[in-house]
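# Overview (structure and organization)
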Amino acid sequence: MSSLRSLPSIDQLLQTPVVISWITENGRPLTLEALRQTLDEVREEYRISKDVPPLDELLESAHNIIQSWASTSLQPVINATGVILHTNLGRAPLCHSAIKAIQNVSQGYSNLEYDLPAGKRGSRSVHAESFLTRLTHTEAALVVNNNAGAVLLILSALARRRSVIIARSQLIEIGGGFRIPDVMKQSGARLHEVGTTNRVHLSDFQTAIEDTSPALIFHAHRSNFRITGFTSEPTLSELAEVAHQAGIPLVDDQGSGALLDTVQFGLGHEPMVSEALLSGADLVCFSGDKLLGGPQAGIIIGKADLIAKLKKHPLARAIRADKLCLAALSATLIHYLKDEASVEIPIWRMISMSVDTIRQRAQSWVDTLGVGEVVESLSTVGGGSLPDEVLPTVVFALSAHSPNSILDRLRTFQPPIIARLEADKVIFDPRTIMPEQENVLLSSIRSILTNN
Ligand SMILES: *Cc1c(COP(=O)(O)O)cnc(C)c1O
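Okay, so let's go over this structure.

With respect to the secondary-structure elements, leucine 89 resides in the loop between strand 1 (78-79) and helix 5 (96-106). Sequence-wise, leucine 89 and valine 77 are 12 residues apart; in three dimensions their C-alpha atoms are separated by 7.7 Å. The residues touching leucine 89, leaving out its near neighbours within four places in the chain, are Val77, Asn79 and Ile418.

Structural data, given as structure tokens:
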């Protein structure tokens, strides 16, 4: 039992060689603050334990505190879940050219808002928007911070204090508390829902237009659920026709923003941006980091007069996209323009990865580690797209007495590994594991096996 008297003072600690090295590495203020906090904690614990930890233990706690303060908590992880657009794991990984573009424009100055030929102030909106209009054959485009922001901007700029017609079956909530009715309220638009939960008819929209002289018709993609059975809903083209007869726009919140047809990869059909435009939607909005496979962004495309109104609204400035986003988005879009998106953009590479390739990778892990087995399973696209749709996959599966504790251990590695359980086995889906992460993944698994 040592008493509080044996506790070294801050000044004494500052003289020790190891603490001097911390100061060199992390600076004096951080080091001092960590030592103070450690000593406070020791005094607090002393009241119960009547004991003071040895010096090396005390220094270790202080060092852990400094390390947690001086390193970013946002860090890369290995996604072994097989969920390609994992909302909790940062959605879409970026393609190489997008990463290079971010580095290019951020390590120095850029022409973000500078018109080079004219030598004067320019507009940030020119950078990604010309790619979008060329790619989608639309008149105009606008990029904002995310798609929730895009919806808020559209409703605020076009429908404030006016009614907006939407089918009851589309009053959706997507992850993270984004609910269409709440966003409507926030924008100042008056929600006018039509139809029932399962069925809505064109005549419902026609009656509502006569009754409320709305600002627009809003169509929202049911990104994360399906309704089946006794259901019916007008097509987007029918809605466009009714809207245009009334002289109001049709807005389609498409969410996932598919520029490629998912059917070619053996998945169900996810509505495509081009289809919404062909159907006559006047504005279409979607995320940059769902099926587009780019950075977080909200993309709005469509009629020039409507986009011009959005750009003028004060909210547009508040939710504008930053230069990192614009750089990464442009680089991603170029792959679509060059018709090489399915090989260059990570999410499409994962979606289109053949089961044979995946099986070979899983089998090679079994061979390398000498444990585990190859098991058939299912990957999902996730991220608010293709609900209920699965991709057959082959996973590396580990049996363990306590699979949950293995999952916990996996998350303590650098980088942390996020795996999942299936039939009491810990499974790793090669589909979402980057090839360059394989070595570190295998050595982490090996270290769990040897320390078990
Ligand atoms: C995902 C989604 C949103 C929100 O997009 P964020 O980019 O996450 O803000 C809005 N509407 C629909 C239909 C969606 O699927």
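Moving on, we get to the sheet that holds strand 17 (residues 425-428). Read from one edge of the open sheet, four strands run 13-14-17-16, paired in antiparallel fashion. Each having just a single partner strand, strand 13 (373-380) and strand 16 (420-422) make up the two edges of the open sheet. For this sheet the average axis-to-axis angle between neighbouring strands, irrespective of direction, equals 50 degrees. When strand 13 meets strand 14 (residues 390-399), the two strands line up antiparallel, connected through eight bridges.

Contact pair helix 17 (residues 355-369) / helix 19 (residues 438-450): the axes reach a minimum separation of 11 Å and the direction vectors enclose 45 degrees. Regarding the angle of helix 17 to helix 19, the classification is oblique. Once helix 17 is placed against helix 19, the crossing between them reads as right-handed. Counting all contacts with helix 17, which are made through Arg361, Trp365, Thr368 and Leu369, the residues of helix 19 involved are Glu438, Leu441, Leu442, Ile445 and Arg446. Class assignment of the residues belonging to the contact of helix 17 with helix 19 gives a composition of five nonpolar, one polar and three charged.

Let us look at the site of the ligand. Taken together, 13 residues lie near the ligand, and Arg91, Ser223, Asp253, Ser287 and Lys290 sit nearest. Between asparagine 146 and the ligand, the recorded distance is 3.4 Å, taken from a side-chain N or O atom to an oxygen atom. Take serine 287: an N or O atom from its side chain is 2.7 Å from an oxygen atom of the ligand. Compared with its free state, where it exposes 380 Å², the ligand has 94% of that area covered by protein. Elements represented by at least two residues in the shell around the ligand include exactly helix 7 (147-159) and strand 10 (250-255).

Omega for the bond connecting glutamine 414 with proline 415 falls within 30 degrees of zero, at -10 degrees, which places this linkage in the cis form. Mapped onto the elements of the fold, proline 415 is located in the loop between helix 18 (403-410) and strand 15 (417-418). The phi angle at arginine 161 is positive, at roughly 65 degrees, despite the residue not being glycine. Along the chain, arginine 161 falls in the loop between helix 7 and strand 5 (163-167). The phi torsion at alanine 423 lies on the positive side, around 50 degrees, for a residue other than glycine. Take alanine 423: it is sitting in the loop between strand 16 and strand 17.

Once that is clear, we can look at the nonpolar core. One finds Val143, Ile217, Ile301, Trp348 and Ile351 to be the most contacted residues of the largest nonpolar core, which totals 57 residues. Residue-level mapping places this core at the junction of two domains, with at least three residues from each of domain 2 (78-86 + 347-451) and domain 3 (96-340). Setting aside chain neighbours within four positions, we find isoleucine 301 in contact with Leu132, Thr136, Thr138, Ala140, Ala141, Val273, Leu277, Asp282, Leu283, Val284, Phe286 and Ile307. Judged by nonpolar contacts, the second largest core, of 33 residues, contains Ala215, Ala220, Leu306 and Ile319.

Okay, the pattern of salt bridges next. On inspection of all chains with the given rule, the structure shows 17 salt bridges. Close ionic contact of arginine 47 with glutamate 44 constitutes a salt bridge, the shortest N to O distance being 3.6 Å. Linking arginine 47 with glutamate 44, this pair stays in helix 3 (residues 28-49), spanning three residues, or about one helical turn. We note a salt bridge from aspartate 408 to arginine 411, for which the minimum N-O separation is 3.1 Å. Taking the relative accessible area as the measure of exposure, aspartate 408 reaches 40% and is therefore partly exposed.

Reading guide: rules and limits
- Residues numbered from 1 in each chain as written.
- Predicted model: local features only at pLDDT ≥ 70, side-chain atom pairs only at ≥ 80, totals over all residues.
- Heavy atoms only, no water.
- Helix = DSSP H or I, 4+ residues; strand = E, 2+ residues; numbered from the N terminus.
- Contact = heavy atoms within 4.5 Å.
- Pairing = 2+ DSSP bridges.
- Axes fitted to C-alpha atoms, helices over the stretch in contact; angles between N-to-C directions.
- Parallel < 35°, antiparallel > 145°, perpendicular 65-115°, else oblique.
- Left-handed = near helix turned anticlockwise from the far one by under 90°.
- Nonpolar A, V, L, I, M, F, W, Y, C, P; charged D, E, K, R; others polar.
- Near = heavy atom within 4 Å.
- Polar contact = N/O pair within 3.5 Å; in protein donor to acceptor, adjacent residues only side chain to side chain.
- Areas by Shrake-Rupley, 256 points an atom, 1.4 Å probe, with all protein chains shown as cover.
- Core = buried A, V, L, I, M, F, W, Y, C linked by side-chain atoms within 4.5 Å.
- Buried < 20%, exposed > 50% of the residue type's maximum accessible area, 1.4 Å probe, protein only.
- Domains from an automatic or database assignment.
- Salt bridge = Lys/Arg side-chain N within 4 Å of Asp/Glu carboxyl O.

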